[in-house]
Amino acid sequence: THEGTIELDAAIMNGRTLACGAIAGVRTIRNPITLARRVMEATPHVFLAGEGAEAFAREAGVEIVDPSYFRTEERWDELQRELRRESSNAVALPTPEMGTVGAVAIDRRGDLAAATSTGGRTNKRFGRVGDVSVLGAGTYADNRTCAVSATGKGEEMIRHFAAANVSARIEHGGRTLQRAVREVVRDVLEPGDGGMIAVGPGGVAVLEFNTEGMFRGAADSAGRFEIGIR
Ligand code: ASP
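Asker: Is there a simple way to think about the overall build of the chain in this case?
Answerer: A tally of helices and strands in the chain yields six helices and 11 strands. For 230 residues, the compact-globule estimate of 2.2 N^0.38 gives 17 Å, and the chain sits close to it at 17 Å. The buried share of the chain, reckoned over its 230 residues, is 43%. For the chain, long-range pairs separated by at least 24 residues make up 55% of all intrachain contacts whose partners lie at least 6 apart in sequence. Total accessible area computed for the chain in this model is approximately 12,100 Å², and 52% of it derives from carbon and sulfur atoms.

Now the structure itself:
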């Protein structure tokens, strides 16, 4: 954050039941995705934020760490650079400083799931929450259409409801998964906004981005194992 603290967002969704869980702005949860899953499985709610989410984590016995656990020199230096840039009013450079991790999966029964976890964007302020924990924006799964996890500028993903937008194009527009993802990444979002990974009920995986690169990988039980950066 702008203040030098670290706040984490995460969400998970089950495509078979539409069960989902999200957390936002937590500082001491070692594995935010685990807490999101507990929200999904052990509360009547779907989205917990800040102090309340931390209190639930303690009750649920989720592993707690000191906030310094998440600090890395690389991200700290990045924040310092960003603060200097801000105070000198320099034009913002394209932001490579994104650290979201997303996963989408299909199991042998054809059930889909999506999960996303992030520290958000460097220099975020005022309790900013990104797309990751906004179900439908950065994370979405529905067995009838697809499972999607997005990375990039969270504000744009929220504005365009990016992940659920893919699902809606399949459900209401008859698009294939590949075409739906391509339309959202290339036509709805602007170049440089980000990318997404998706998998459909048939097991087809799509990895698409409009940034310079996106660390990505795909694997299946038939032996597919691919990774890509640019
Ligand atoms: N989408 C994330 C956010 O806006 C950032 C990222 O993908 O790195 O919080």
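Asker: Explanation requested: the site of the ligand in the structure shown.
Answerer: In the vicinity of the ligand lie 12 residues, with Thr 100, Arg 128, Asp 131, Thr 151 and Gly 152 positioned nearest. With respect to the ligand, the backbone of Gly 152 contributes an N or O atom lying 2.8 Å from a nitrogen atom. A distance of 3.0 Å is found between an oxygen atom of the ligand and a backbone nitrogen or oxygen belonging to Gly 154. Surface burial for the ligand is 100%, taken as the share of its 270 Å² of free accessible area covered by protein chains. Among the detected pockets, the ligand sits in the largest cavity. Its residues assigned to classes, the shell around the ligand shows one nonpolar, eight polar and three charged.

Asker: In this structure, what is going on with the layout of surface pockets? I would like to understand it.
Answerer: One way to see where empty space is left: roll a probe the size of a water molecule over the atoms. Size it by volume and the second largest pocket reaches roughly 590 Å³. Lining of the second largest pocket is provided by 27 residues; of these, Ile 6, Leu 8, Phe 70, Arg 75 and Gly 119 occupy positions nearest its centre. Counting residues per element, the lining of the second largest pocket draws most heavily on helix α3 (residues 73–87), at four residues. Partitioning the lining of the second largest pocket into residue classes produces eight nonpolar, 11 polar and eight charged.

Asker: For this particular structure, what's the right way to read the packing of aromatic side chains?
Answerer: Working definition: an aromatic ring pair is given by the centre-to-centre distance plus the angle between the planes. On inspection of all chains with the given rule, the structure shows one aromatic pair. Just above the ring of Trp 76 sits the side chain of Arg 71; from NZ or CZ to the centre is 4.3 Å.

The rules behind the values
- Residues numbered from 1 in each chain as written.
- Predicted model: local features only at pLDDT ≥ 70, side-chain atom pairs only at ≥ 80, totals over all residues.
- Heavy atoms only, no water.
- Helix = DSSP H or I, 4+ residues; strand = E, 2+ residues; numbered from the N terminus.
- Rg over C-alpha atoms; globule rule 2.2 N^0.38 Å.
- Buried < 20%, exposed > 50% of the residue type's maximum accessible area, 1.4 Å probe, protein only.
- Contact = heavy atoms within 4.5 Å.
- Areas by Shrake-Rupley, 256 points an atom, 1.4 Å probe, with all protein chains shown as cover.
- Near = heavy atom within 4 Å.
- Polar contact = N/O pair within 3.5 Å; in protein donor to acceptor, adjacent residues only side chain to side chain.
- 1 Å grid on protein atoms, 1.4 Å probe; cavity = no way out; pocket = protein on both sides within 12 Å on 5 of 7 lines; lining within 4 Å.
- Sits in = over half its atoms within 2 Å of the grid points.
- Nonpolar A, V, L, I, M, F, W, Y, C, P; charged D, E, K, R; others polar.
- Points joined across faces, edges and corners; volume = space filled by probe spheres on them.
- Phe/Tyr/Trp six-rings, centres within 6.5 Å; stacked < 30°, edge-to-face > 60°.
- Lys NZ or Arg CZ within 6 Å of the ring centre and 35° of its normal.

From the geometry alone we can't say anything about function, so treat these as descriptive.
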